[in-house]
Amino acid sequence: MEFEHILVVNDPDQPDIPLLTSEDVWFGLLCRAEDPVAFLPGLERCEIIEREEQRLVRDLYFGQMRVRDHVTLQPLQSICFEAQASEQHPGGRLTISLENPAPQVMTLRFRYETSLDQANIADAANPEEAAKIVEYIRSAYYNSDLDTLKRIRLIAQQRSRAQ
């Protein structure tokens, strides 16, 4: 299944929301890559196994479950988290892209590609229940991404106070 949504970071029509720079947003996304515990509910710890200039390999621990993922960085453009499939985890990919669709407008595009198959969900439930499950998953991703943007704003605010 694939899910995609866009969150508005900067909008000139919303002057009460502080503007963030691309660097602010990118730094927040790097924080999500380097130390994701505050960003991912249920994550107990993260170990970085390999580090290259624009790539990380991490082990994420959710209780007894370990998920290995690869993080690919395209500075100030996008970050891609690709979880390996295992017996404990079906795997998947999240790409977060910084976009500027209009002057003074910045957005984050979240694109999920999961190995979950809507047909498999439908096999396990009647069509009405399957639709509810898919909507629940979509909603959970969206709410998690709203929290990510809130954390990025908080990190930017803390950095500006420290300077």
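Scroll up for the structure.
Residues numbered from 1 in each chain as written. Predicted model: local features only at pLDDT ≥ 70, side-chain atom pairs only at ≥ 80, totals over all residues. Heavy atoms only, no water.

Engineer: Would you mind going over the overall build of the protein with me for this structure?
Structural biologist: On a plain count of helices and strands, the protein comes out with three helices and seven strands. What you see in the protein, going N to C, is helices and strands ordered as β-α-β-β-β-β-β-β-α-α. Compactness check: the protein gives a C-alpha radius of gyration of 17 Å against a globular reference of 15 Å for 163 residues, within 12% of the reference. Expressed as lengths along the three principal axes of its C-alpha atoms, the size of the protein is roughly 50 × 40 × 25 Å. Across the 163 residues in the protein, those meeting the buried criterion constitute 35%. For the protein, the accessible area works out to roughly 9800 Å², and carbon and sulfur atoms hold 50% of it. Charge separation in the protein, taken as the distance between the mean sites of 17 positive and 27 negative side-chain charges, equals 4 Å. (Helix = DSSP H or I, 4+ residues; strand = E, 2+ residues; numbered from the N terminus. Rg over C-alpha atoms; globule rule 2.2 N^0.38 Å. Buried < 20%, exposed > 50% of the residue type's maximum accessible area, 1.4 Å probe, protein only. Areas by Shrake-Rupley, 256 points an atom, 1.4 Å probe, with all protein chains shown as cover. Lys, Arg positive; Asp, Glu negative; His and termini not counted. Charge placed at Lys NZ, Arg CZ, Asp CG, Glu CD.)

Engineer: Teacher, can you tell me more about the layout of surface pockets here?
Structural biologist: To locate leftover empty space, one rolls a probe as large as a water molecule over the atoms. Its volume calculated, the largest pocket comes out at about 750 Å³. What lines the largest pocket is a set of 26 residues, and nearest its centre among them are Leu40, Phe62, His89, Tyr112 and Tyr141. Going through the elements one at a time, β3 (55-62), β4 (65-74), β5 (78-83), β6 (92-102), β7 (105-114) and α3 (127-162) are the ones with two or more residues in the lining of the largest pocket. When grouped by side-chain class, the residues that make up the lining of the largest pocket number 14 nonpolar, five polar and seven charged. (1 Å grid on protein atoms, 1.4 Å probe; cavity = no way out; pocket = protein on both sides within 12 Å on 5 of 7 lines; lining within 4 Å. Points joined across faces, edges and corners; volume = space filled by probe spheres on them. Nonpolar A, V, L, I, M, F, W, Y, C, P; charged D, E, K, R; others polar.)

Engineer: Would you explain the pattern of salt bridges in this entry?
Structural biologist: Oppositely charged side chains may form a pair once their charged atoms are brought near each other. Taken as a whole and judged by the stated rule, the model has 15 salt bridges. With a shortest N-O distance of 3.3 Å, Arg93 and Glu113 are connected by a salt bridge. Taken together, the positions of Arg93 in strand β6 and Glu113 in strand β7 put the pair 20 residues apart, joining distant regions of the chain. Classification of Glu113 as partly exposed rests on a relative accessible area of 23%. (Salt bridge = Lys/Arg side-chain N within 4 Å of Asp/Glu carboxyl O.)

Engineer: Can you help me understand the packing of aromatic side chains in this one?
Structural biologist: Each aromatic ring pair is described using two quantities: the centre-to-centre distance and the angle formed by the ring planes. For the structure shown, the criterion picks out two aromatic pairs. Geometrically, the ring pair formed by Phe3 and Tyr141 is edge-to-face, given 5.5 Å between the ring centres and 70° between the ring planes. One end of the pair, Phe3, is in strand β1 (residues 2-10); the other, Tyr141, is in helix α3, and 138 residues separate them in sequence. Judged by relative accessible area, which is 3%, Phe3 ranks as buried. Residue classification places Tyr141 among the partly exposed residues on the basis of a relative accessible area of 22%. The rings of Phe3, Tyr112 and Tyr141 are connected pair by pair, giving a single aromatic cluster. Cation over ring: Arg45 sits above Tyr61, and NZ or CZ is 3.9 Å from the ring centre. For Arg159, the ring lying beneath its charged end belongs to Phe27, and the centroid distance is 3.9 Å. (Phe/Tyr/Trp six-rings, centres within 6.5 Å; stacked < 30°, edge-to-face > 60°. Lys NZ or Arg CZ within 6 Å of the ring centre and 35° of its normal.)

Engineer: Help me out: how do you make sense of the sheet that holds β1 in this one?
Structural biologist: Strands belonging to one sheet form pairs held by backbone hydrogen bonds; the direction of such a pair is parallel or antiparallel. Strand order across the open sheet formed by seven strands is β1-β7-β6-β5-β4-β3-β2, with antiparallel pairing between neighbours. Edge positions in the sheet fall to β1 and β2 (45-52), since each of these pairs with one other strand and no more. With direction set aside, neighbouring strand axes in the sheet form an average angle of 20°. Bridge count for β3 against β4 is eight bridges, and the pairing is antiparallel. Bridging across to β4, Val57 finds its partner in His70. Across the sheet, α3 lies against β1 and β7, angled at about 25° from β1, the strand it touches most. (Pairing = 2+ DSSP bridges. Axes fitted to C-alpha atoms, helices over the stretch in contact; angles between N-to-C directions. Contact = heavy atoms within 4.5 Å.)

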